[in-house]
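Chain residues, written in single-letter form:
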Amino acid sequence: MSEKPDIIAIDHDDYHASHIGRTEDGSQFFLTSPFVPALDGSGGREFVALYMFEAEGCFREARIDDLGMRAELDRERSSRLFDQRVTELGKVKYCRIEVRPFRLERFGTTFGLVARPPEDEEDGWCVEAQPGNYMAFHEPWDSGEYDT
């Protein structure tokens, strides 16, 4: 049985972790595109989310933009907002980050790197990028790797 993580590592890559790293002042960031899936008659939603962390990994703030329904997504607007968030960071170094799991509510939705307890005795803790559960982290917490 695994234990709830205090800190998880995320390695920079060319996929979901393409925009993670550190700002000039040492703060850590994770810029991502969470989503609510279109299920059971719901149209789903798309977002741009910038999560900021202190240098030691404590969650500091979130800047989340609601882009609207998935089927009606304006890709140009989405791209502009994403680029705007990158610009707001100033000079950055894309690299591995080590951050604490967190959760917050915005737009009636849970966002964050959410720690989930085991569902049964054979399972372990996991941390999921929410909404959308598009990245899932498991022990060892310092591996930097995730499942999609």
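This text gives an overview of the structure that appears in the document. (Residues numbered from 1 in each chain as written. Predicted model: local features only at pLDDT ≥ 70, side-chain atom pairs only at ≥ 80, totals over all residues. Heavy atoms only, no water.)

1. A short note on the overall build of the chain
Put simply, the rule is: Working definition: helices are DSSP H or I runs of at least four residues, strands are E runs of at least two. Numbering for both runs from the N terminus. Using C-alpha atoms as the atom set, the radius of gyration is obtained and then compared with a globule rule of 2.2 Å times the number of residues to the power 0.38. The rule is simple: take the accessible area with a 1.4 Å probe, protein chains only, and divide by the maximum for that residue type; under 20% is buried, over 50% is exposed, in between is partly exposed. Contact criterion: two residues are considered in contact whenever any of their non-hydrogen atoms come within 4.5 Å of each other. Method for areas: the Shrake-Rupley scheme with a 1.4 Å probe, in which residue coverage is limited to the protein chains shown. We treat Lys and Arg as the positive residues and Asp and Glu as the negative residues; His and chain ends play no part in the count. Throughout, a charge is located at the NZ atom of Lys, the CZ atom of Arg, the CG atom of Asp or the CD atom of Glu.
A count of helical and extended segments in the chain gives one helix and twelve strands. Secondary structure elements of the chain occur, N-terminal to C-terminal, as β-β-β-β-β-β-α-β-β-β-β-β-β. Computed over its C-alpha atoms, the radius of gyration of the chain comes to 15 Å, within 12% of the 15 Å expected for a compact globule of 148 residues. Reported as C-alpha extents along the three principal axes, the dimensions of the chain are approximately 45 × 45 × 25 Å. Counting the 148 residues in the chain, one finds 44% classified as buried. At a minimum sequence separation of 6, the contacts of the chain that also span at least 24 residues come to 54%. Roughly 8100 Å² of accessible area belongs to the chain as shown, and the carbon and sulfur atoms make up 44% of that amount. Across the chain, the mean location of the 17 positive side-chain charges is 8 Å away from that of the 31 negative side-chain charges.

2. Re the packing of aromatic side chains
Convention followed: Note on ring pairs: Phe, Tyr and Trp rings are taken, using the six-membered ring of Trp, and paired if centres are within 6.5 Å. Classes follow the plane angle, with under 30 degrees stacked, over 60 edge-to-face and the rest tilted.
Scanning the model with the defined rule gives ten aromatic pairs in all. Where phenylalanine 59 meets phenylalanine 102, the ring centres are 4.2 Å apart and the plane angle is 10°; that geometry is what we call stacked. Linking phenylalanine 59 in strand E6 (residues 59-69) with phenylalanine 102 in strand E9 (residues 102-106), this pair joins segments that are 43 residues apart in sequence. For phenylalanine 102, a relative accessible area of 9% gives the class buried. Among the aromatic residues, those joined into a ring-pair cluster are Phe30, Tyr51, Phe53, Phe59 and Phe102.

3. Brief notes about the nonpolar core
Our working definition: By nonpolar core is meant a set of buried Ala, Val, Leu, Ile, Met, Phe, Trp, Tyr and Cys residues that side-chain atoms within 4.5 Å join together.
Within the largest apolar cluster, 27 residues are counted, with the highest numbers of intra-cluster contacts made by Ile10, Tyr51, Leu113, Met135 and Phe137. Secondary structure elements with two or more residues in this core: strand E1 (8-10), strand E5 (45-53), E6, strand E8 (97-99), E9, strand E10 (109-116) and strand E11 (126-130). Take this core: its biggest share by element is four residues, from E5. Residues within four places of leucine 113 in sequence aside, it is in contact with Ile8, Ile10, Phe30, Phe53, Val99, Pro101, Phe102, Val127, Glu128, Ala129 and Phe137.

4. With respect to the side chain of histidine 19
Spelled out, the test is: We define a polar contact as two N or O atoms separated by no more than 3.5 Å, with the added condition that, inside protein, one atom must be a possible hydrogen donor and the other a possible acceptor, whereas residues neighbouring each other in sequence contribute only through side-chain atom pairs.
You can see histidine 19 is positioned in the loop between E1 and strand E2 (20-23). A distance of 2.9 Å separates polar atoms of two side chains, one belonging to histidine 19 and the other to serine 18. Residues contacting histidine 19, with those up to four places away along its chain left out, are Phe29, Phe30, Leu31, Phe82, Val86 and Tyr94.

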